[in-house]
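Summary of structural features
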Amino acid sequence: MSTPHVLVHRDPSVLADAVAARLITRLVDAQSAKGHASVVLTGGTVGIAVLAAVAATAARDAIDWRHLDIWWGDERFLPTGDPERNETGARKALLDHVELDPTRVHVMMGPDSGLTAEESADSYAQELRAAARPEDHGPVPSFDVMLLGMGPDSHVASLFPGRPALYDERTAVAVHGSPKPPPTRISMTLQSIRSAAEVWVVAAGGEKAGAVRLALSEAGPVQVPAAGARGRRRTLFLLDRAAAANLPPGLERVASP
Ligand SMILES: O=C1O[C@H](COP(=O)(O)O)[C@@H](O)[C@H](O)[C@H]1O
């Protein structure tokens, strides 16, 4: 697992634009090396702002959208089209504006599929396994980039502090009784997060500063889920100034004065 690096941008808007630019570059590089790329999306304020920033730049046309696999780190277990679904936010902000191959868009199914949350999570785990290649050495693809928002309680995806999902050895699980609504969710587990080549934790706002500090300390992932979010090759914490207000000494690298 990689050691986290921290980049601090001036405000949430510069942060979203900078992450969008970084994401486009990373996906274009991956596609030029392999012919395809993969990204894991997140919900939440900054996660969706990054997608809107990608949609707003002409550089988005540098991505070969038909050869991009899109996954989600977590989903609220709500019907297709519900405004609270992470998928709905992502489609509105970006996915509806680019030409994707629908077979490469891997949604976590909601109750309108007829599946229970457990069955939906199992189905996602199977989809992950089917997409993994021998070189991934496991049941989950080595995603090129996994984007993760983070809550003020340090949750990432739908992995909340102290909850059973953090001990689970499966790759995707149902989450019940989420402290943040809605109560039922589907989430990738830490095992899946750690399969990503690059994990980018993106956070803005002073209410996240304490969680950012803990996530970059020696805290364990059961108490501080974001402390367990690490990529195989690279881990970035991409922050605005407010979220970076309480960093452990020596970590900050100011990227936008
Ligand atoms: O519920 C969720 O929250 C987190 C963080 O959201 P934010 O609005 O505080 O940025 C998000 O990463 C996760 O995907 C989502 O389901």
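Residues numbered from 1 in each chain as written. Predicted model: local features only at pLDDT ≥ 70, side-chain atom pairs only at ≥ 80, totals over all residues. Heavy atoms only, no water.

The protein chain is annotated in an unreviewed UniProt entry as 6-phosphogluconolactonase from Sinosporangium album. Recorded in UniProt for the protein chain, the comment headed Catalytic activity (unreviewed entry) runs: "6-phospho-D-glucono-1,5-lactone + H2O = 6-phospho-D-gluconate + H(+)". (UniProt positions renumbered as here; feature names shortened; annotations may be inferred.)

We now examine the packing of aromatic side chains. Scanning the entire structure with this criterion turns up two aromatic pairs. Judged by centre distance (5.7 Å) and plane angle (80°), the rings of W71 and Y124 are edge-to-face. Of this pair, W71 sits in strand β3 (residues 68–72) while Y124 sits in helix α4 (residues 117–131), and the two are 53 residues apart along the sequence. Feature note: the residues W71, Y124 and F143 constitute an aromatic cluster, connected by ring pairs. (Phe/Tyr/Trp six-rings, centres within 6.5 Å; stacked < 30°, edge-to-face > 60°. Helix = DSSP H or I, 4+ residues; strand = E, 2+ residues; numbered from the N terminus.)

Moving on, we get to the environment of V98. Mapped onto the fold, V98 is located in the loop between α3 (86–93) and α4. Expressed as a C-alpha distance, the spacing of V98 and V40, which sit 58 residues apart in the sequence, is 17 Å. V98 has contacts with R60 and W65, leaving out every residue within four places of it along the chain. (Contact = heavy atoms within 4.5 Å.)

What UniProt calls "domain: Glucosamine/galactosamine-6-phosphate isomerase" (unreviewed entry) maps, in this numbering, to residues 11–234. Counted over residues 11–234, helix gives 31% and strand 14%. Its end C-alpha atoms are 23 Å apart.

As a further point, take the pairing of strand β8 (residues 198–203). Most of β8 is tucked away: six of the six residues are buried. Residues of β8 alternate between two faces, with E198, W200 and V202 on one and V199, V201 and A203 on the opposite face, all of them buried. Bridge count between β8 and strand β9 (residues 234–240): six bridges; the pairing is parallel. Paired with V199 across the two strands is T235, which belongs to β9. Crossover β8 to β9 through helix α6 (residues 209–215) is right-handed. (Buried < 20%, exposed > 50% of the residue type's maximum accessible area, 1.4 Å probe, protein only. Pairing = 2+ DSSP bridges. Right-handed = clockwise from strand over helix to strand, strands pointing away.)

Empty space within the largest pocket amounts to approximately 350 Å³. Forming the boundary of the largest pocket are 18 residues, of which K34, H36, R133, D136 and S142 lie nearest the centre. Those elements that place two or more of their residues in the lining of the largest pocket are α1 (12–34), β2 (37–41) and β3. A class-by-class count of the residues in the lining of the largest pocket yields six nonpolar, three polar and nine charged. Size it by volume and the second largest pocket reaches roughly 250 Å³. (1 Å grid on protein atoms, 1.4 Å probe; cavity = no way out; pocket = protein on both sides within 12 Å on 5 of 7 lines; lining within 4 Å. Points joined across faces, edges and corners; volume = space filled by probe spheres on them. Nonpolar A, V, L, I, M, F, W, Y, C, P; charged D, E, K, R; others polar.)

A few words on the site of the ligand. Every one of the 14 residues lining the ligand counts as a neighbour, but T45, D74, R76, K180 and K208 are closest to it. The separation between an oxygen atom of the ligand and a polar side-chain atom of N86 is 3.3 Å. Contacts to the ligand include G149, whose backbone N or O atom sits 3.5 Å from an oxygen atom. Burial of the ligand by the surrounding chains reaches 93%, relative to a free accessible area of 400 Å². More than half of the atoms of the ligand fall within 2 Å of the grid points belonging to the second largest pocket. Of the residues contributing to the shell around the ligand, the split by class is two nonpolar, seven polar and five charged. (Near = heavy atom within 4 Å. Polar contact = N/O pair within 3.5 Å; in protein donor to acceptor, adjacent residues only side chain to side chain. Areas by Shrake-Rupley, 256 points an atom, 1.4 Å probe, with all protein chains shown as cover. Sits in = over half its atoms within 2 Å of the grid points.)

On any regular strand, side chains alternate: one points to one face of the sheet, the next to the other face. With five of its five residues buried, β2 lies for the most part within the structure. Here β2 shows a buried face lined by A37, V39 and L41 and a second buried face lined by S38 and V40. With five bridges connecting them, β2 and β3 associate as parallel partners. Counted as the bridge partner of S38 is D69 from β3. Examined bridge by bridge, β2 and strand β5 (residues 145–148) share two bridges and lie parallel to one another. Along β5, the bridge assignment pairs V39 with V145.

With that settled, the discussion passes to the sheet that holds strand β6 (residues 172–175). Ordered in space as β4-β7-β6, the three strands form an open sheet in which the pairing is antiparallel. The sheet is open, and its two edges are formed by β4 (74–76) and β6, each paired on a single side. Here the strands of the sheet are splayed against their neighbours by 15° on average, with no regard to which way each runs. Pairing of β6 with strand β7 (residues 185–188) involves four bridges; the strand directions are antiparallel. Paired with V173 across the bridge in β7 is S187. Relative to β6, α4 is tilted by about 165°, and along the sheet it contacts β6 and β7. (Axes fitted to C-alpha atoms, helices over the stretch in contact; angles between N-to-C directions.)

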